[in-house]
Amino acid sequence: SPSGTAEIMELDACKNPGNSSLSGKMAIAQHIKGCSYFKMVKTAYTVKAAGLIVVAEKDEYLVDMNCNGAECNVRYPVPATMISYTDGKEIFTMLKSKKKVKVTFQTTPSHNFYFGIDGEGKIEETGWLLYPSFLYFAWQLQWYNFKSNLLRNIAEPAKVVKVFNDSSIQGQYGASTIVSLPSVQEMSQYQDVELDMALSCRGKRDAECPPWDHTVQLYVCCSNATSHCQQELGRWITSFRRRIGHWLTPVAPLLPLLSSSQCNFTMKTVPWAQPWFTTLNLRFSHKINTTIAKMYGMPLKPSKLIPLFRGGTFDKNYNKKYKPIHFNITSKIKRVKLVAVITGHGSDNNNCAEFCVTSHHFIVNKKHANVRTFKNAGNQLGCAERVLDGVTPNEHGTWLYGRDGWCDGQEVKPWVVDITDQLSTKSVNTITYHGYYNHTDPHPTFKPGYIILYSFLSLYESY
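Residues numbered from 1 in each chain as written. Predicted model: local features only at pLDDT ≥ 70, side-chain atom pairs only at ≥ 80, totals over all residues. Heavy atoms only, no water.

J.: Is there a simple way to explain the environment of Val-47 in this structure?
T.: Assignment of secondary structure puts Val-47 in the loop between helix H1 (37-46) and strand S3 (51-55). Between the C-alpha atoms of Val-47 and Asp-118, which are 71 residues apart in sequence, the distance is 52 Å. (Helix = DSSP H or I, 4+ residues; strand = E, 2+ residues; numbered from the N terminus.)

Dropping the structure here:
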């Protein structure tokens, strides 16, 4: 049903409008980098415009014009939409030639409850369609393929240790339990170690699941642990109002975190999040014949971890706190892997660190650069294009957009780099770290974001 037709007039919505008035008129405004959509809508409201059309910059994607932080506590009753640079240029041209242009804002009701049949013949919801597009059905079908492959992998032979079974992770302390594990010697005999984790919610419909995308972290502390106590073993991001999240995450390089046969596992998210329920199993698979491994010197086993760098507030002081770490490698160590789990969150004036591209530099012995760059951040369909990798499709909110090292409704896999050839067994080795935005130190002007970073060196030796 139409919600109003009015003549369009141009508005510089990024400047103070003074005493101007567009009462009864529709405003059209060019978006400028650094000018928030909130400010543009506020300006349109101030001049009493009937609505606002925001024109994208020349190389800008069409996006949901969201608020940030405290802005979200204020609402202005002005309908607003975004159009492409090309369409906006055409309208601006007509206005400059004194032609009258009218526009109608219209709300078109559409159904938003659909279901599908997965690869196991089960009926389930297909999620929320943000736009009327068949792409959403394609993404759900891709997830069915991912799910079928996941279930086939879980059905493979493995030693399974149950950690949580439909346990609530709500509140300050989340879910915590002490688990009896195989002996350290037995665990080291498995080539693959994986976290089989599913997140669900109460009720029968996706709409009854909690909103927002929150970080979920798994910490472990074993009975004989020292520096490894309460280190992160796994990280996930919740699915915004969908109950189907299920992932199998490889964590074999972090096996030395399980340093005894009895460990405490804690899984939690932010304390104000509504309740999610987790089911978590540890999977040990592909047992190694140690007699043959000793004979040929392969494969190797991760035997020790050296904790490296942690994250923090992503501001001008971010890199100042990091000092070089020095370590020795003996001839007993046959391989060394750099392991890091990195995600960016928050929203400053550069959309950092959730939607900005950050790079993370681990420099070994002052000459070997190992760099992790999240080029996917801010891409319009950056996460939608990763459904086959386990991203939960058709969530509420802006799940489609790429993030800085993560996606809504997906696990965060460890980044693993073999740095053996960069090291010396004859002298002390050094590793340094720094994180950059736009190839330099971050320097936000307000509300700096933050980086969640856990990093280690995983040392391998022969059986």
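J.: So what exactly am I meant to see when it comes to the side chain of Lys-147 here?
T.: Tracing the sequence through the fold places Lys-147 in helix H3 (residues 135-154). The buried category is assigned to Lys-147, whose relative accessible area is 15%. Ignoring sequence-local partners within four residues, the contact set of Lys-147 consists of Asp-118, Glu-120 and Glu-124. (Buried < 20%, exposed > 50% of the residue type's maximum accessible area, 1.4 Å probe, protein only. Contact = heavy atoms within 4.5 Å.)

J.: Honestly, the state of the cysteines in this entry has me stumped. Any pointers?
T.: Linking two cysteines covalently via their sulfur atoms produces the bond known as a disulfide. Evaluated as defined, the whole model comprises six disulfides. The residue that forms a disulfide with Cys-352 is Cys-356, at a sulfur-sulfur distance of 2.0 Å. Judged by the torsion about the S-S bond (115°), the Cys-352/Cys-356 disulfide is right-handed. For Cys-356, a relative accessible area of 4% translates into the label buried. One disulfide in the model links Cys-383 with Cys-407; its S-S distance is 2.1 Å. One quick way to see it: the torsion about the S-S bond of Cys-383 and Cys-407 is about -90°, and its sign makes the bridge left-handed. Placement of the pair is Cys-383 in the loop between strand S20 (368-373) and strand S21 (410-411) and Cys-407 in the loop between S20 and S21, with a sequence separation of 24 residues. Residue classification places Cys-407 among the buried residues on the basis of a relative accessible area of 1%. (Disulfide = S-S within 2.5 Å.)

J.: Is there a simple way to explain the sheet that holds strand S15 (residues 277-287) in this structure?
T.: To summarise the sheet geometry, strands pair through backbone hydrogen bonds and adopt either a parallel or an antiparallel arrangement. Read from one edge to the other, the open sheet built from four strands follows the order S8-S15-S10-S13, with strand pairing classed as antiparallel. Two strands lie at the open edges of the sheet, namely strand S8 (159-168) and strand S13 (246-250), each paired on one side alone. The mean inter-strand angle of the sheet, taken between neighbouring strand axes irrespective of direction, is 15°. In this structure, strand S10 (residues 190-200) lies alongside S13, joined through five bridges in antiparallel fashion. The residue bridging Met-197 from the neighbouring strand is Trp-247, located in S13. Contacts between H3 and the sheet are confined to S10, S13 and S15, with S13 contributing the most and set at about 55° to the helix. (Pairing = 2+ DSSP bridges. Axes fitted to C-alpha atoms, helices over the stretch in contact; angles between N-to-C directions.)

J.: Just to check I follow, could you spell out the pattern of salt bridges for this structure?
T.: Side chains carrying opposite charge are able to pair once their charged atoms draw close together. A complete count under the given rule lists 14 salt bridges for this structure. Note that Arg-242 is salt-bridged to Asp-206, the shortest N-O span being 2.9 Å. A residue pair is termed long-range when its members are at least 10 positions apart, and Arg-242 in the loop between strand S12 (231-237) and S13 and Asp-206 in the loop between S10 and strand S11 (215-222) qualify at 36 residues. Arg-242 gets classed as buried once you look at its relative accessible area, which sits at 0%. Residue classification places Asp-206 among the buried residues on the basis of a relative accessible area of 6%. Residue Arg-403 is joined to Asp-213 by a salt bridge in which the shortest nitrogen-to-oxygen separation is 3.5 Å. Of this pair, Arg-403 sits in the loop between S20 and S21 while Asp-213 sits in the loop between S10 and S11, and the two are 190 residues apart along the sequence. Overall, the relative accessible area of 2% leaves Arg-403 in the buried class. (Salt bridge = Lys/Arg side-chain N within 4 Å of Asp/Glu carboxyl O.)

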